[in-house]
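Given next are the chains, with one letter for each unit.
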Amino acid sequence: MRWLITGAGGMLGRDLQTVLHGQNVVAATRAELDVRDPDAVRDAVDGADVVINAAAWTDVDGAETSEEAATAINGHGARNLALAAGKRLIHVSTDYVFDGTATTPIPEDARRAPLNAYGRGKAVGEEAVLAAGGSVVRTAWLYGEHGPNFVRTMLRLAATRDTLDVVDDQEGPPTWSYALAQQLVALGRSSAAPGIYHGTAAGSTTWCGLARAVFAEAGLDPSRVRATTSDRFVRPARRPSYSVLSHARWAGSGVAPLRDWRSMLTQAMPVLRP
Ligand SMILES: NC(=O)c1ccc[n+]([C@@H]2O[C@H](COP(=O)([O-])OP(=O)(O)OC[C@H]3O[C@@H](n4cnc5c(N)ncnc54)[C@H](OP(=O)(O)O)[C@@H]3O)[C@@H](O)[C@H]2O)c1
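Just so you know, these numbers come straight off a predicted model, no measurement behind them.

Caption draft 1: Focus on the sheet that holds strand S4 (residues 89-94). Within the open sheet, the six strands sit side by side as S2-S1-S3-S4-S5-S10. Their pairing is parallel. With one partner strand each, in any of the chains shown, strand S2 (24-28) and strand S10 (196-198) form the two edges of the open sheet. Within the sheet, the average angular offset between the axes of one strand and its neighbour, ignoring direction, is 20°. Bridge analysis of strand S1 (residues 2-6) against strand S3 (residues 50-53) gives four bridges, and the strand direction is parallel. Of the residues in S3, the one forming a bridge with Leu 4 is Val 51.

Rendered as structure tokens:
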């Protein structure tokens, strides 16, 4: 089985490389394959049995002032891959295609309603991938060993600050990128029907809840993390307040949904500590 990973130098891309170590894999970093280039994409996809697209513009706030550039990667880049790979493509997307007004886990077929430019570009990509018969795996609140992320930031700040104020009014499923990488590879090996799947941990918490869990895991006092509200941290891009995604579609796919976020964090901690 031949695999192609795009965006292989990113946080998820590097974990995909670890999971697929020893297999027949082409792991293409941005320098090796720019997904905006349709000819290069066609050549790279040629001969691959499974293509996992981990390439993305992930600067959510930056996308507000550079929507065209973000969509060139997240929308049109995904379309280039979809046209070349069709049902062989597994494309990674985001909870930010939703507006966060739901109050129960969001089903795979819920209507997209992005609140920000990044989400709009990712929605363009999803539509192209699904139209070409590929699969979309939406994830959210990713953290991992490689690259900056919330969990590592909390560990770093814990060393220099007595207390931290962290927002407690956004709810989501903290998800370890390595666990997601394992699930994406399992999906690639399976005979699951193409379409939309949700690659997020089970359960949910707030950013404040996650920060307190990180402190507890590190043997620190969780009460050093104080709850605050999003209006104290106004950022250029609006964020959904509810990002909990349903996992119903994994049933019968032959691929397991991800385990709960809290035990996942415990398992991830050894590779996250600075
Ligand atoms: N991180 C999260 O919390 C989160 C949440 C929801 C969904 N997601 C999705 O999960 C996926 C993986 O995210 P991540 O956290 O691993 O992001 P990441 O660390 O930023 O990795 C993205 C990779 O894509 C590369 N890239 C950018 N433009 C490219 C292009 N034109 N052609 C090829 N590669 C390009 C980047 O290279 P450079 O670094 O050289 O630019 C980087 O290596 C993305 O689809 C993202 O939208 C992430």
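Further notes follow.
Caption draft 2: Structural context of helix H8 (residues 261-272). Three or more residues of H8 are buried, namely Trp 261, Met 264, Leu 265, Ala 268, Met 269 and Leu 272. Projected down its long axis, H8 carries its buried residues within an arc of 150°, all on one side. Considering only its buried residues, H8 is in contact with strand S6 (142-143), helix H5 (150-158), strand S9 (175-176), helix H6 (177-189), strand S11 (205-206) and helix H7 (207-217). Where H8 begins, one side-chain oxygen reaches toward the backbone nitrogen of Arg 262, 3.0 Å away; that side chain belongs to Asp 260.

Caption draft 3: Highlighting the site of the ligand. As a matter of local geometry, the ligand sits amid 24 residues, with Leu 12, Asp 34, Thr 58, Tyr 118 and Lys 122 nearest to it. The side chain of Arg 30 places a nitrogen or oxygen atom 2.9 Å from a nitrogen atom of the ligand. The backbone of Val 35 places a nitrogen or oxygen atom 3.0 Å from a nitrogen atom of the ligand. Surface burial for the ligand is 79%, taken as the share of its 910 Å² of free accessible area covered by protein chains. No other element matches S4, which puts three residues into the shell around the ligand. Class assignment for the residues of the shell around the ligand results in 13 nonpolar, seven polar and four charged.

Definitions and limits used
- Residues numbered from 1 in each chain as written.
- Predicted model: local features only at pLDDT ≥ 70, side-chain atom pairs only at ≥ 80, totals over all residues.
- Heavy atoms only, no water.
- Pairing = 2+ DSSP bridges.
- Helix = DSSP H or I, 4+ residues; strand = E, 2+ residues; numbered from the N terminus.
- Axes fitted to C-alpha atoms, helices over the stretch in contact; angles between N-to-C directions.
- Buried < 20%, exposed > 50% of the residue type's maximum accessible area, 1.4 Å probe, protein only.
- Arc of directions from axis to C-beta.
- Contact = heavy atoms within 4.5 Å.
- Polar contact = N/O pair within 3.5 Å; in protein donor to acceptor, adjacent residues only side chain to side chain.
- Near = heavy atom within 4 Å.
- Areas by Shrake-Rupley, 256 points an atom, 1.4 Å probe, with all protein chains shown as cover.
- Nonpolar A, V, L, I, M, F, W, Y, C, P; charged D, E, K, R; others polar.

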